[in-house]
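# Topology and contacts: notes
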Amino acid sequence: MDFGFSPEQEMLRATARKFLENECTSGFVRARMEEPAGVTDEFWAKLAEQGWLGLVYPEEHGGSGLGFVDLTVLMEEMGRVVMPGPFFSTVLLGGLAIREAGSPAQQKEWLARIAAGRARTTLAWTEPSARWDAAGVTCAAREDKGGFVLNGTKLFVLDAHLADALVVVARTGEGKTPEEGVSLFLVPKGTRGVEVKLLPTMDQTRKLCEVSFKDAPVPADALMGVKGRGWPALERVVERATVALCAEMCGGAQRVLDMTTDYAKIRVAFGKPIGTYQGVKHKAADMLVDVENAKSLTYYAAWAVDENAPEAALAASMAKAYVTDAYRKVAGAGIQLHGGIGFTWEHDLHLYFKRAKSSEFTFGDATYHRERVAQLINL
Amino acid sequence: MDFGFSPEQEMLRATARKFLENECTSGFVRARMEEPAGVTDEFWAKLAEQGWLGLVYPEEHGGSGLGFVDLTVLMEEMGRVVMPGPFFSTVLLGGLAIREAGSPAQQKEWLARIAAGRARTTLAWTEPSARWDAAGVTCAAREDKGGFVLNGTKLFVLDAHLADALVVVARTGEGKTPEEGVSLFLVPKGTRGVEVKLLPTMDQTRKLCEVSFKDAPVPADALMGVKGRGWPALERVVERATVALCAEMCGGAQRVLDMTTDYAKIRVAFGKPIGTYQGVKHKAADMLVDVENAKSLTYYAAWAVDENAPEAALAASMAKAYVTDAYRKVAGAGIQLHGGIGFTWEHDLHLYFKRAKSSEFTFGDATYHRERVAQLINL
Amino acid sequence: MDLSLTPEQEAFGATVRAWLKTNIPREWKPMGSSEIPRAEQYELLRRWQHALFDAGFIGLTWPKEYGGRGLTFMEELILQQEMALAKAPPILNVLGVGMAGPTIVAWGTEEQKKRYPAKILSCEEIWCQGYSEPNAGSDLASLQTRAVKDGEYWVINGQKVWTSFAHVSEYMMLLARTDPNVPKHKGITYFLLDMKLPGVTVKPLRQITGEAEFNEVFFDNVRVHESQVLGGVNNGWAVGLTTLMYERLTLGFGLQVRLRIALEGLIDLARRMEKSGRVVTKDPVMRQKLAQLWIDTECLKYTGARAITKLLRGEMPGPEASTGKMAWVDTHQRLQELAMEIEGPYSQLWKGSEWAVEGGVWPQSFLRSRANSIEGGTTEIQKNIIAERLLGLPKD
Amino acid sequence: MDLSLTPEQEAFGATVRAWLKTNIPREWKPMGSSEIPRAEQYELLRRWQHALFDAGFIGLTWPKEYGGRGLTFMEELILQQEMALAKAPPILNVLGVGMAGPTIVAWGTEEQKKRYPAKILSCEEIWCQGYSEPNAGSDLASLQTRAVKDGEYWVINGQKVWTSFAHVSEYMMLLARTDPNVPKHKGITYFLLDMKLPGVTVKPLRQITGEAEFNEVFFDNVRVHESQVLGGVNNGWAVGLTTLMYERLTLGFGLQVRLRIALEGLIDLARRMEKSGRVVTKDPVMRQKLAQLWIDTECLKYTGARAITKLLRGEMPGPEASTGKMAWVDTHQRLQELAMEIEGPYSQLWKGSEWAVEGGVWPQSFLRSRANSIEGGTTEIQKNIIAERLLGLPKD
């Protein structure tokens, strides 16, 4: 047993820390918040150059063939600077779905391009019902002339406005369970009948879209995997993306804790640094416990998905439930301990606070995942 | 609007405070904890002398004809000294049930004797299912030879071993709803087939019993009110007893807060009274908020039941939900802020901590009452 | 103990109710959350407050000779409740009515009392509060804005921050240091500052909601006449404290009723939204949270009633007056968090999204609610005050 | 990162498992809660620990020459996990094995190291800890028990409190003040005190559970030979700190696994009990609470694994080692509270009630759990330590 990071992973962390501190400054993030794209071509090219866009893809497809524990290191660092842009949607949603469910041809076509920074993708899954279960998939894929026709509305789709291809979760039929009949389609940009609308969001570092399909035709080979059997692959993708999200959240929470302890050391009230007061000390200690526990569960989940361990789903839900609460609490305490300054637009704390909130409701909140844990431990 | 106590009520508080400080000392309470009776005849006689056993009964039955707001004052003071003995069971459960549901003859026979300290009563309601709803009433009252025969087991019956009469909740039939068919019977001590067993309890100031009925015969005139229509009266009794319990809990919580702030002023650590540290200050402030809020809701509920206000049931459930959490938190914080000394048998804190716990599960815990609130506000 | 009203009070309530029914502006749209006046509503709210003034429904407890009605806190409470039930707009000059006016009535010269209070009530002159400074947050008394005497004038230099309404205010309640050589509480003076004086610069301060509800205010050799001192030179700390006490009580009434409105809005929201295909109000876990908020909100009402009873009896308010703010903050922040939880992914959609629920009002009020535990004294400071003043625990 | 074991470690686990299967005493009844040795079990537990010693399943990380096995923390962890899974009895001489032994190994003279550790492991000599005093709770260093030199002897006078096992101990780790004229941390000496010396009086201290797990210990001119000083005169604070660090780590392993046992007991309880006619595990509100406890309990395991990894790599344990106690206390107290909530009115029935659930074990362990946030450093002190040592916040 060795439950720490390897020297290579520590090196990746150091590299990422340095790169992001230089390239993804608060000024860069704020500029991206104001723009629809949320990323610059230059920055995206540099991510590709670092090899991070293909980090978890096989080497045969231009990736580095690394695992989720490695990715965890990177995600923590990205969370630390609330990195904007379509990394998460491209690499962890669209790309991973192609990796998990795509045909060899689809993988060959897309993964290398993603890794090289030449294509962006995302996952069009949730609908206006905001459900995370298979019953929430109502978008219809009707067979027609050897291909399919898509109809329906997807909501909360990350970065769809930037995507060169969408992985669309649609229903090709009804079965005994809601899971049966769910299929995945790879739909390239520009497909007729597909409309993408960017929506203003609270967390401006995350761009969300509405994607509507009106009799949108897709060819037969757009189908990923077996018709009506797409749900298990989707679950695997979401499980992995959830773990990556948790890692990103851990990094953000750690940064808030760092900012807060730094501030508590220098801000003076009643003649002493505020960090002298137990009111501040005890809150800071609680924050540390939350952050460390969040990391422990996230690292475990990363290891479990890497190993394809049978408890991977449980590990992912445990992590998401805990990390969600932890980041929300830590970000809230960070603002509180900063006082008025923490409530200003100028201070970076709100970027973390809002990211914590948007992450909370991505792939299910803590209550949802606790109930999942209850199911998975057979309560 | 005048949401404070009257001069007479303040006088009652002062009298009760003085009486109980003299007569119901920690030594007295501890001696009663060790004995089955939980009360002395002498002490009981003094309660009668003060007029407190008949405080809320009509003057025609030897009572003082006062209301629940007056009683609230008294209960707060009794809670303040964790008063042991069958006051609650006699006055608020058995006696109140006789007052609410008893025939004129039953009221005449029992209330004056209770008020005079010559009879003790209780309510035999809950069963091994520990349910608070009508479906929990399974104890059977079968009509037989012009009277009834009781069969079944009652559990968690307060002070049944001391009672001269039990008000027994039993089922005389089935109806469209579980409430239909519930009847109340007044069963005097010594009735054949009734067995009372005293059970050791965590809170030794509250004596709980098992009462079992094996073909216990009761005459027709033991029936209180209309056969099968006993549930609404029982609900009224429990609603009122719940409010009285809340008042008792408020008094206990206030005393824990007093003990804790007194201790924080004198206990020295690291060269200063511990009350100097924000870690202690902030907890103490939280305790005060809990105590004050608990009082506000309790006073409101007392007023509402006195007025037979339509929102009385809601007010009682709001109070029980809040006060339960408040007393538990305050008593726990009291032990924590006292440190080791608060964990000793010798210190009185544990009496309050245990009373908070036993009160928590009397007439439903906070979760139960929050759900009731949800129902009553039509969620 | 009696929560019911006298026939006279009932009649007063009925009068208010009837008036509100016909006088609430049609353009006003209640938003289902605790409301803070927003810039785009200022004109409407100015007219609204003036209408209240004309009808005699503001400044109820102020003396008649200074524009008030000379009534009791009971009528004030009834008014607040009726306004809440009618979902009436808030008062725009909230700091003037809640703080400046009562302080001037308490400490002002006869001339000051004749000059200012009535125009506060009518909203002719809006007031802002110049207490907080960048380097004196919780430790208010360590403020550094200086006032130096020069003939009949005081010359002010320094900076204030978190000044709501500064950009639309005619006057500021200004605390400035007039004697740097005495202990910090003793060298502060309270000024009634004309915001149009040369050298006053107001700079909006953007907050995490993206709006600029607050401002920074800079003073560059601002010359204030000595007649604008309130309550005597170097007595500003005592004068300022009056205001704070008063603020907590009267704002308290309003806060509770607005919280109740927000809660009803939240319950409406919960009835409309679904989680995993089930209406939120039918989810046992959410029912627990909603019921707890209901209890906590109601509780504030009864705690308030206890405090008012003491006031009406001429007694000093007890602990229940001081715990109110803490309990309100905690309840309101939980309410706003729950709104986010109920909306789930929808909570991420900001105003302007056509999919945003209720126009995106909840995410915005959620963000705004984070300041509740900071503004007007952080929760940490409130707890210190409660522990020291009410429980008698020793100062550090 | 790898949570799996090497074949050697797997084999070691298998050996332990097989041994436990046949050697756990038949009389032992696991009680479904975090277990503290109870007086009536002492004899059984003494034999049990001796059996562990004979089998080589105790003191795994201690040097071979002093009775240990010279293995790593990894084997210790495996051992603890297997013991937990098998619901094996706890170790009786827990303070000797967790604290006294390692401290003697770290600081003792060769003679001391030959004399004591092996008998600690075999349970021939039970140890207790003489740190706490009535007037020095959280502020341990302000202890007042005095030791005055008289020839080759130190004469001890004073009092200790909260001394578990004092009534059955052969030895005490005693901290006493040997120089009152220097700052409080600097004048303390660590003694290995024979509890049979004249002048030592042990008085049981009844706690809120009604049991007397702890004691007061009085010293009346107790003469201790100077050879019983550990780590040098006036060096006791440093010596004592070693022990505290070690305690937190090794007890940590055990605590997590016992918590897991308790949680499984709690889930069994929830499966059996009903609320309003519904099995508790089917109640959505209770499922949330149970799931959260599951997560928190598992989390302790992984936080522990991170700490052990650092130890195995020869690094200093990081924050994750120190936060463990706080997280454990919080989780365990919530677990015990939940047991009460699940039992509802049954939680009030004490042992001896025939209606008591599982013989009334839960109410008792619930009460006992209240001490968790006090013993071994209050939660408040733990938070100060974390804030100051790990986050670098300034001392008061």
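Note that the structure is predicted; figures quoted are calculated from it, not measured.

About the cut-offs
- Residues numbered from 1 in each chain as written.
- Chains lettered and ligands numbered in written order.
- Predicted model: local features only at pLDDT ≥ 70, side-chain atom pairs only at ≥ 80, totals over all residues.
- Heavy atoms only, no water.
- Helix = DSSP H or I, 4+ residues; strand = E, 2+ residues; numbered from the N terminus.
- Rg over C-alpha atoms; globule rule 2.2 N^0.38 Å.
- Buried < 20%, exposed > 50% of the residue type's maximum accessible area, 1.4 Å probe, protein only.
- Contact = heavy atoms within 4.5 Å.
- Areas by Shrake-Rupley, 256 points an atom, 1.4 Å probe, with all protein chains shown as cover.
- Salt bridge = Lys/Arg side-chain N within 4 Å of Asp/Glu carboxyl O.
- Buried area = accessible area lost by both parts, 1.4 Å probe.
- Polar contact = N/O pair within 3.5 Å; in protein donor to acceptor, adjacent residues only side chain to side chain.
- Expected span 1.5 Å × (residues − 1).
- Arc of directions from axis to C-beta.
- Pairing = 2+ DSSP bridges.
- Domains from an automatic or database assignment.

### A closer look at the overall build of chain C
Helix and strand counts for chain C come out as 11 helices and 10 strands. For 396 residues, the compact-globule estimate of 2.2 N^0.38 gives 21 Å, and chain C sits close to it at 22 Å. Referenced to the eigenvectors of the C-alpha coordinate spread, the extents of chain C come out at roughly 75 × 50 × 50 Å. Within chain C, buried positions represent 60% of all 396 residues. Across chain C, contacts joining residues at least 24 apart in sequence account for 71% of those joining residues at least 6 apart. In the structure as shown, chain C presents an accessible area of about 15,100 Å², 54% of it carried by carbon and sulfur atoms.

### Let's talk about the overall build of chain A
Helix and strand content of chain A: 11 helices and 10 strands. In terms of C-alpha radius of gyration, chain A reaches 21 Å, essentially the compact-globule figure of 21 Å for 379 residues. Dimensions of chain A, computed from the C-alpha atoms along their principal axes, are close to 80 × 50 × 40 Å. A burial count over chain A gives 67% of its 379 residues as buried.

### Here we look at the pattern of salt bridges
Following the criterion strictly, the structure yields 122 salt bridges over all chains and no others. E100 of chain B is the salt-bridge partner of R240 of chain B, the closest N and O atoms lying 3.9 Å from each other. With a gap of 140 residues between them, R240 of chain B in helix α7 (residues 231-266) and E100 of chain B in helix α5 (residues 87-101) connect regions that are remote in the sequence. Given the relative accessible area of 6%, R240 of chain B is considered buried. Where D150 of chain D meets R223 of chain D, a salt bridge forms, and the shortest distance between an N and an O atom there is 2.9 Å.

### Details of the interface of chain A and chain D
Counting from both sides, the interface comprises 45 residues of chain A and, opposite them, 48 residues of chain D. Carbon and sulfur atoms make up 64% of the surface buried where chain A meets chain D, a total of about 4,300 Å² over both sides. The largest per-residue losses of area from chain A upon contact with chain D belong to M1, F3 and L379 of chain A, which jointly make up 21% of the total buried on that side. For the pair chain A and chain D, the number of links is six salt bridges. Of the charged contacts in the structure, one is a salt bridge between R306 of chain D and E292 of chain A, with a shortest N-O distance of 2.8 Å. The interface formed by chain A and chain D holds 25 residue pairs in polar contact (both at pLDDT 80 or more) in total.

### Section: helix α1 (residues 7-23) of chain A
Residue and element names in this part refer to chain A. Between its first and last C-alpha, α1 extends 24 Å over 17 residues, near the 24 Å set by a 1.5 Å rise per residue. Within the sequence span of α1, burial applies to Q9, L12, R13, A16, F19 and L20. Buried residues along α1 cover an arc of 140 degrees about the axis, so they all sit on one side. More than 90 degrees from the buried face of α1, the exposed residues found are P7, M11, K18 and N22.

### Thoughts on the interface of chain D and chain B
Taken together, the contacts link 47 residues of chain D with 44 residues of chain B. Roughly 3,700 Å² of surface becomes buried between chain D and chain B when both sides are summed, with 64% attributable to carbon and sulfur atoms. Looking only at chain D, the three residues that lose the most surface to chain B are I208, Q348 and W355 of chain D, adding up to 19% of its buried area. The interface formed by chain D and chain B includes five salt bridges. Note that D396 of chain D is salt-bridged to K272 of chain B, the shortest N-O span being 3.4 Å. On inspection of chain D and its partner chain B, the count reaches 17 residue pairs in polar contact (both at pLDDT 80 or more). Every element with two or more residues in the side of chain D that touches chain B is listed here: α8 (284-312), α9 (319-343), α10 (361-369) and α11 (379-390) of chain D.

### Concerning the pairing of strand β4 (residues 165-171) of chain B
Along any regular strand, the residues point their side chains to alternate faces of the sheet. All names here are of chain B. The buried fraction of β4 amounts to seven of the seven residues, a majority that puts the element mostly inside the structure. In this sheet, β4 lies alongside strand β1 (residues 121-124) in parallel orientation, the contact comprising four bridges. The residue of β4 that forms the bridge with A124 is V168. Here seven bridges tie β4 to strand β5 (residues 182-188), and the two strands are oriented antiparallel to one another.

### Digging into the domain arrangement of chain C
The figure often quoted for interface size is the accessible area lost as the parts come together. Residues and elements named next belong to chain C. The assigned domain composition of chain C is domain 1 (7-121), domain 2 (127-237) and domain 3 (241-390). The C-alpha centroid of domain 3 is placed 30 Å from the C-alpha centroid of domain 2. Contact residues are listed per partner, giving 12 residues for domain 2 and 11 residues for domain 3. Contact between domain 2 and domain 3 buries roughly 910 Å² in total, counting both sides, with carbon and sulfur atoms accounting for 56%. Together, S138, T209 and W237 form the three largest contributors to the area buried by domain 2 at its contact with domain 3, with a combined 45%. Here E211 and K351 are joined by a salt bridge, their closest N and O atoms 3.8 Å apart.

### Some points on the domain arrangement of chain A
Residue and element names in this part refer to chain A. Assigned domains within chain A: domain 1 (7-120), domain 2 (122-228) and domain 3 (232-376). Once you take the C-alpha centre of each, domain 1 and domain 3 turn out to be 21 Å apart. On the side of domain 3, 30 residues touch domain 1, which itself brings 26 residues to the contact. At the junction of domain 1 and domain 3, the tally comes to four salt bridges. A total of eight residues in the side of domain 1 that touches domain 3 trace back to one element, the largest contributor, which is helix α4 (residues 68-80).

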